Amino acid sequence: SQQGEEDPQALSIQEGENATMNCSYKTSINNLQWYRQNSGRGLVHLILIRSNEREKHSGRLRVTLDTSKKSSSLLITASRAADTASYFCATGLGGAQKLVFGQGTRLTINP
Amino acid sequence: GAVVSQHPSWVICKSGTSVKIECRSLDFQATTMFWYRQFPKQSLMLMATSNEGSKATYEQGVEKDKFLINHASLTLSTLTVTSAHPEDSSFYICSAPSGNTDTQYFGPGTRLTVL
């Protein structure tokens, strides 16, 4: 079953603008991860944030986690055409290393 | 970084036939691998957890007799779709965690089309 809800489902912005995607989940988690998927391809791991962390950065990516609201956000700054992809949040539950994915946000960067 | 491969990358088969998909961890050992299914423009749905040396654990609603999983070695898991039907057409993706990390490494996926 799906754990997370992501919004927006689709986002279209101009190159250079910032893109923000949100993810909400239902149960307690150990960690939350963000992945990118280019059309018809596998997933690429972007960033992992643990339940005791509130914010994490990696290059142009910034992830926040609010466990009290059971939500996370992914910010991509200074977007590029190559950032066009679907972005998924996934929650890690317990020690089983299983991931439960959100519905994803389809991001389109217009040149 | 860790690399996971899948073979084949795409397959077309006739209804009623069986199809085997391989998932390999190329530069690390994986006692556990995961199989997902993704329909067009939808998210990944976990199908099962593949365990090296023991039976796979299937998610609710996934038929274990239809989706046979064999984790033959520490670097190979196979998913066999038996008696495939058009509704089994989907994108199948495997993943494996590397070591004790929580990060999953995903294969490139296999697109199955059943005619």
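Reading guide: rules and limits
Residues numbered from 1 in each chain as written. Chains lettered and ligands numbered in written order. Predicted model: local features only at pLDDT ≥ 70, side-chain atom pairs only at ≥ 80, totals over all residues. Heavy atoms only, no water. Buried < 20%, exposed > 50% of the residue type's maximum accessible area, 1.4 Å probe, protein only. Helix = DSSP H or I, 4+ residues; strand = E, 2+ residues; numbered from the N terminus. Pairing = 2+ DSSP bridges. Axes fitted to C-alpha atoms, helices over the stretch in contact; angles between N-to-C directions. Salt bridge = Lys/Arg side-chain N within 4 Å of Asp/Glu carboxyl O. 1 Å grid on protein atoms, 1.4 Å probe; cavity = no way out; pocket = protein on both sides within 12 Å on 5 of 7 lines; lining within 4 Å. Points joined across faces, edges and corners; volume = space filled by probe spheres on them. Nonpolar A, V, L, I, M, F, W, Y, C, P; charged D, E, K, R; others polar. pLDDT = per-residue confidence, 0-100. Disulfide = S-S within 2.5 Å.

### Here we look at the pairing of strand β7 (residues 61–66) of chain A
Residue and element names in this part refer to chain A.
Right, on to step 1. Alternating positions in β7 separate cleanly, Leu61, Val63 and Leu65 being buried on one face and Arg62, Thr64 and Asp66 remaining unburied on the opposite face.
Right, on to step 2. Both strand β6 (residues 55–58) and β7 contribute to a ladder of four bridges, which runs antiparallel. Considered in β7, the bridge of Glu55 is made with Thr64.
Right, on to step 3. Sheet topology places β7 next to strand β8 (residues 71–76); six bridges connect them, and they run antiparallel. Bridging across to β8, Arg62 finds its partner in Leu75.
Right, on to step 4. The antiparallel pairing of β7 with β8 creates a hairpin that spans four residues between the two strands, and Lys70 there sits at a positive phi of about 50 degrees.

### Comments concerning the sheet that holds strand β3 (residues 19–24) of chain A
Strand-to-strand pairing in sheets goes through backbone hydrogen bonds, with the strands running parallel or antiparallel.
Residue and element names in this part refer to chain A.
Right, on to step 1. Spatially, β1-β3-β8-β7-β6 is the arrangement adopted by the five strands of the open sheet, whose pairing is antiparallel. Edge strands, defined here as strands with exactly one partner in the open sheet, are β1 (5–7) and β6. Across this sheet, the average inter-strand angle for adjacent strands is 15 degrees, counted without regard to direction.
Right, on to step 2. Sheet topology note: the β1/β3 ladder contains three bridges and is antiparallel. Within β3, the residue paired with Glu5 across the bridge is Ser24.

### Some points on the sheet that holds strand β3 (residues 19–25) of chain B
Residues and elements named next belong to chain B.
Right, on to step 1. Spatial strand order, β1-β3-β8-β7: four strands in an open sheet with antiparallel pairing. One side of each edge strand has no neighbouring strand; the edge strands of this open sheet are β1 (4–7) and β7 (67–73). With strand direction ignored, the average angle separating the axes of adjacent strands in the sheet is 20 degrees.
Right, on to step 2. As paired elements, β3 and strand β8 (residues 76–81) share six bridges and run antiparallel to each other. By the bridge assignment for β8, Cys23 is matched with Ser77.

### Comments concerning the pattern of salt bridges
All names here are of chain A.
Right, on to step 1. On inspection of all chains with the given rule, the structure shows six salt bridges over all chains.
Right, on to step 2. Between Glu55 and Arg62 there is a salt bridge, and its shortest N-O distance comes to 3.2 Å.
Right, on to step 3. For Glu55, a relative accessible area of 39% corresponds to the partly exposed category.
Right, on to step 4. Given the relative accessible area of 32%, Arg62 is considered partly exposed.

### Things to note about empty space enclosed by the protein
Right, on to step 1. Counted under the stated rule, the structure contains one cavity of 30 Å³ or more.
Right, on to step 2. Here the largest cavity defines a volume of roughly 50 Å³.
Right, on to step 3. For the largest cavity, the lining is made up of 10 residues, of which Asn31, Gly92, Leu93 and Gln97 of chain A together with Asp102 of chain B are closest to its centre.
Right, on to step 4. Of the residues that constitute the lining of the largest cavity, the class distribution is two nonpolar, six polar and two charged.

### So, the confidence of the model for chain A
Right, on to step 1. Considering every residue of chain A, the mean pLDDT works out to 91; 94% of them sit at 70 or more.
Right, on to step 2. Here β1 of chain A stands out as the element of chain A with the lowest mean pLDDT, 83, in contrast to β7 of chain A, whose mean of 98 is the highest.

### Remarks on the state of the cysteines
Right, on to step 1. One pass over the structure, following the stated rule, counts two disulfides over all chains.
Right, on to step 2. Note that Cys23 of chain A is cross-linked by a disulfide to Cys89 of chain A, the S-S spacing being 2.0 Å. Every disulfide takes its handedness from the sign of the S-S torsion; for Cys23 of chain A and Cys89 of chain A that torsion is 70 degrees, giving right-handed. With Cys23 of chain A in strand β3 and Cys89 of chain A in strand β9 (residues 85–92), this pair connects stretches of sequence that are 66 residues apart.
Right, on to step 3. Cys89 of chain A sits in the buried class, given a relative accessible area of 2%.
Right, on to step 4. Each sulfur in the disulfide pair Cys23 of chain B and Cys94 of chain B lies 2.0 Å from the other. On the S-S bond that ties Cys23 of chain B to Cys94 of chain B, the torsion sits near 85 degrees, and the link is right-handed. Here Cys94 of chain B lies in strand β9 (residues 90–97) and Cys23 of chain B lies in strand β3, a separation of 71 residues in the sequence. The same class applies to Cys23 of chain B as to Cys94 of chain B, namely buried.
Right, on to step 5. No disulfide involves Cys13 of chain B; its sulfur sits 18 Å from that of Cys94 of chain B, the nearest cysteine.

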